[in-house]
Every structure is written in C-alpha cells, then in structure tokens.
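# Commentary on secondary and tertiary structure
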Amino acid sequence: PACARKSCSLACVNRHKAAHECDGKRARVGFIDIRDFTDGDVVRDYRFLEDAGATGERAKRWKPTFGETSVDGGDGARENGGGRGGRGGRGGRG
C-alpha cells in the first residue's frame, strides 16, 4: 500500500485499502530526511525530474489546432504541397 505498511497477500492489501481509504499510490513528492535517504530514493527523484522535463518539452512542442482538420483528415495540405515547407499553396518558403 501507499502508506508502506507491510502486507502478506493481495487480499490483505485490498482489505487495508478498503478499511483505511488508501489508494495504493505512493506519494511522488515528500520530504525524506537525509539520514533515511537511500539509493532507491535517488533513482525515484531522478525519474521524477526526467518526467517533469519531458512534460515541459511536450508542452513546448504542442501546437493547438482550433477548428482545423487533421493532416490525414482530408484538408488537402499534404496533397497540394501546402503546410510547412512544402512547395506551393500556403506557408513555407516556396
């Protein structure tokens, strides 16, 4: 369980979750005293920071489309050479 109680079986874990309203998910953030810090905590923190960085990168690349049809949705951008960097139509350098 998320509260780090020892358990003997899946049935025991499920009983604990029901009795204590425990969701079973470990808290991703929280203070750990330096004396209790382990190699596993370092790895967990590193993965947390990697995930935060990846989320930021995805947010930078995300381009909202308001009312446009998707590329494969038949708007003709690919077939007509329109869009980014293609020849002809709209946008691009030439």
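What comes next concerns the included structure. (Residues numbered from 1 in each chain as written. Predicted model: local features only at pLDDT ≥ 70, side-chain atom pairs only at ≥ 80, totals over all residues. Heavy atoms only, no water.)

Within the protein chain, the secondary structure is distributed over 2 helices and 0 strands. Counting the 94 residues in the protein chain, one finds 11% classified as buried. A separation of at least 24 residues holds for 3% of the contacts in the protein chain among residues at least 6 apart in sequence. Of the roughly 8400 Å² of accessible surface on the protein chain, a fraction of 53% belongs to carbon and sulfur atoms. (Helix = DSSP H or I, 4+ residues; strand = E, 2+ residues; numbered from the N terminus. Buried < 20%, exposed > 50% of the residue type's maximum accessible area, 1.4 Å probe, protein only. Contact = heavy atoms within 4.5 Å. Areas by Shrake-Rupley, 256 points an atom, 1.4 Å probe, with all protein chains shown as cover.)

This structure, assessed with the given rule, holds 4 salt bridges. In this structure, D45 and R44 form a salt bridge, with 3.6 Å as the shortest nitrogen-oxygen distance. Relative accessible area serves as the criterion here: at 29%, D45 is assigned to the partly exposed category. One salt bridge connects E57 with K60, and the closest N-O pair in it is separated by 3.2 Å. Here K60 and E57 lie together in helix α2 (residues 39-61), a separation of 3 residues that amounts to about one turn. What makes E57 partly exposed here is its relative accessible area of 38%. (Salt bridge = Lys/Arg side-chain N within 4 Å of Asp/Glu carboxyl O.)

Put plainly, two cysteines are in a disulfide when a covalent bond ties their sulfur atoms together. Going through the model one piece at a time under the given rule, you end up with 0 disulfides. Here C8 stays unpaired: no disulfide links it, and the sulfur of C12, its closest cysteine neighbor, is 4.0 Å away. (Disulfide = S-S within 2.5 Å.)

Let's shift gears to the side chain of D41. Looking at where D41 falls in the secondary structure, it is placed in helix α2. The exposure class assigned to D41 is buried, which follows from its relative accessible area of 12%. At 2.9 Å, the side chain of D41 and the backbone nitrogen of T38 are in polar contact. (Polar contact = N/O pair within 3.5 Å; in protein donor to acceptor, adjacent residues only side chain to side chain.)

Once that is clear, we can look at a nonpolar patch on the surface. A cluster of nonpolar side chains, V29, F48 and L49, forms an exposed patch at the surface whose accessible area comes to about 290 Å². Mapping F48 onto the fold places it in helix α2. (Patch = residues over 30% accessible without salt bridge, like charges linked within 9 Å, V, L, I, M, F, W, Y side chains within 5 Å.)

Right, let's talk about the environment of C22 for a bit. Following the sequence through the fold, C22 ends up in the loop between α1 (10-20) and α2. With 19 residues separating them in the primary sequence, C22 and C3 have C-alpha atoms 7.5 Å apart.

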